[in-house]
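Read off the chains here:
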Amino acid sequence: MAGVTKTYKQYADSVSFRVVKGTYEVYSSHPHLSICGAGRSAAVFKLPEENRVIKVYYPPFESVAKQEYINYMKITDHPQYASLYEVDTNYIVHEYIKGKTAFQCLHEGIHISLDQIKQVDDALGYARTQGLYPSDIHLHNLLITSDGLVRIIDIARFSNPKPCRQWDDLKAGYYKHYRKAYFPTQVPKWLMNTVAKIYRSRYPNRH
Ligand SMILES: Nc1ncnc2c1ncn2[C@@H]1O[C@H](COP(=O)(O)OP(=O)(O)OP(=O)(O)O)[C@@H](O)[C@H]1O
Ligand SMILES: [Mg+2]
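Residues numbered from 1 in each chain as written. Chains lettered and ligands numbered in written order. Predicted model: local features only at pLDDT ≥ 70, side-chain atom pairs only at ≥ 80, totals over all residues. Heavy atoms only, no water.

1. Structural notes on the nonpolar core
Then, in step 1: Counting residues in each nonpolar core, the largest one holds 38 residues, and the members touching the most others are Tyr81, Ile112, Ile152 and Phe158.
Then, in step 2: Elements supplying a minimum of two residues to this core: helix H2 (63-74), helix H3 (102-108), helix H4 (114-129), strand S9 (142-144), strand S10 (150-152) and helix H5 (166-178).
Then, in step 3: The element contributing the most residues to this core is H4, with 5 residues.
Then, in step 4: When residues of this core are assigned to domains, at least three map to each of domain 1 (8-95) and domain 2 (100-202).
Then, in step 5: Those residues in contact with Phe158 that lie beyond four places of it in its chain are Asn71, Tyr81, Leu124, Ala127, Leu132, Tyr133, Pro134, Ser135, Ile137 and Ile152.
Then, in step 6: Listed in part, the 14 residues of the second largest apolar core include Phe17, Leu33, Tyr58 and Val93. (Core = buried A, V, L, I, M, F, W, Y, C linked by side-chain atoms within 4.5 Å. Buried < 20%, exposed > 50% of the residue type's maximum accessible area, 1.4 Å probe, protein only. Helix = DSSP H or I, 4+ residues; strand = E, 2+ residues; numbered from the N terminus. Domains from an automatic or database assignment. Contact = heavy atoms within 4.5 Å.)

And the structure:
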């Protein structure tokens, strides 16, 4: 019933998915929820009237909820990681971060500074000191706020000790191309998606 507050579990239960051409899509969700984004393992919705999101995992990835929760427990109280509020079988509730992903910044021509690259390095270094293995750092997993702070979302894969070079590769691209005169002010989405696709096929073990 509209106007009546639901529990997080009720909100999670309201979400259903369908598979279209091998990809999960949100099929239905409670009208109070507004979608923030979707990745390979989950869809994320802004919850009404509070600064929180609910990340609901697609059925084959439900166990990732617990893993992401365990990782968050190791990095509480760090300004560049979201605060976590609740976990259940197929969802987590964490802090809503108002900002744009690095992907959106490149697309819209919003400058990404050297300081912001260093912020990511520092935050990943901190995660390492907490016994985690930063992994899967790509353009959709970095949110940049209006005051220039970079927040790292999606730390589900930080418990995988297998070395991940994605962030090093992204950084190398930043130093080699981003600051050059030929680099476009706005990068078309199709181009970034094509580069990501080539990267994944050339280096299948790096993501
Ligand atoms: N805390 C948040 N605040 C605002 N938007 C968010 C938040 N968390 C996630 N998002 C949005 O939802 C998208 C998907 O979230 P997330 O990266 O957690 O999903 P995923 O399925 O684990 O991703 P991946 O494909 O990297 O495995 C993000 O790229 C971002 O646009
Ligand atoms: Mg992600």
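Continuing now.
2. Looking at the site of ligand 1
Then, in step 1: Lining the immediate surroundings of ligand 1 are 23 residues, of which Arg40, Lys55, His138, His140 and Asp154 lie closest.
Then, in step 2: At 2.8 Å, a side-chain N or O of His138 approaches an oxygen atom of ligand 1.
Then, in step 3: Asp154 is positioned with one of its side-chain polar atoms (N or O) 2.8 Å from an oxygen atom of ligand 1.
Then, in step 4: For ligand 1, whose accessible area on its own is 630 Å², the fraction buried by protein is 94%.
Then, in step 5: It is strand S3 (residues 34-38) that contributes the most residues to the shell around ligand 1, 3 residues altogether.
Then, in step 6: Residues of the shell around ligand 1, tallied by class, amount to 9 nonpolar, 8 polar and 6 charged.
Then, in step 7: Residue contributions to the shell around ligand 1 reach at least three from each of two domains, namely domain 1 (8-95) and domain 2 (100-202). (Near = heavy atom within 4 Å. Polar contact = N/O pair within 3.5 Å; in protein donor to acceptor, adjacent residues only side chain to side chain. Areas by Shrake-Rupley, 256 points an atom, 1.4 Å probe, with all protein chains shown as cover. Nonpolar A, V, L, I, M, F, W, Y, C, P; charged D, E, K, R; others polar.)

3. A few points about a nonpolar patch on the surface
Then, in step 1: Nonpolar side chains collect at one region of the surface, where Trp190, Leu191 and Val195 lie side by side and expose about 320 Å² of accessible area between them.
Then, in step 2: Mapped onto the elements, Leu191 comes out in helix H6 (residues 189-202). (Patch = residues over 30% accessible without salt bridge, like charges linked within 9 Å, V, L, I, M, F, W, Y side chains within 5 Å. Salt bridge = Lys/Arg side-chain N within 4 Å of Asp/Glu carboxyl O.)

4. Re the coordination of the magnesium ion (ligand 2)
Then, in step 1: Summarising the metal site, the magnesium ion (ligand 2) is bound by the protein donors Asn141 (OD1) and Asp154 (OD), whose distances to it range over 2.1 to 2.3 Å. Remark: Asp154 occurs in the loop between S10 and H5 and Asn141 occurs in the loop between H4 and S9; sequence separation between them is 13 residues. The exposure classification of Asn141 matches that of Asp154, with both residues buried. (Donors = N, O, S within 2.8 Å, 3.2 Å for Na, K, Ca; no water.)

5. Describing the sheet that holds strand S6 (residues 84-88)
Then, in step 1: Spatially, 5 strands are ordered S3-S4-S5-S7-S6 in an open sheet, and the strand pairing comes out antiparallel. Single-partner strands in this sheet number two, and they are S3 and S6. Taken over all neighbouring pairs, the strand axes of this sheet differ in orientation by 20° on average, direction set aside.
Then, in step 2: Inspection of the sheet shows strand S5 (residues 52-57) paired to strand S7 (residues 91-95) by 5 bridges, in the antiparallel sense. For Val56, the partnering residue across the bridge sits in S7 and is Tyr91.
Then, in step 3: Lying on the sheet, H2 is in contact with S5, S6 and S7; it crosses S6 at an angle near 150°. (Pairing = 2+ DSSP bridges. Axes fitted to C-alpha atoms, helices over the stretch in contact; angles between N-to-C directions.)

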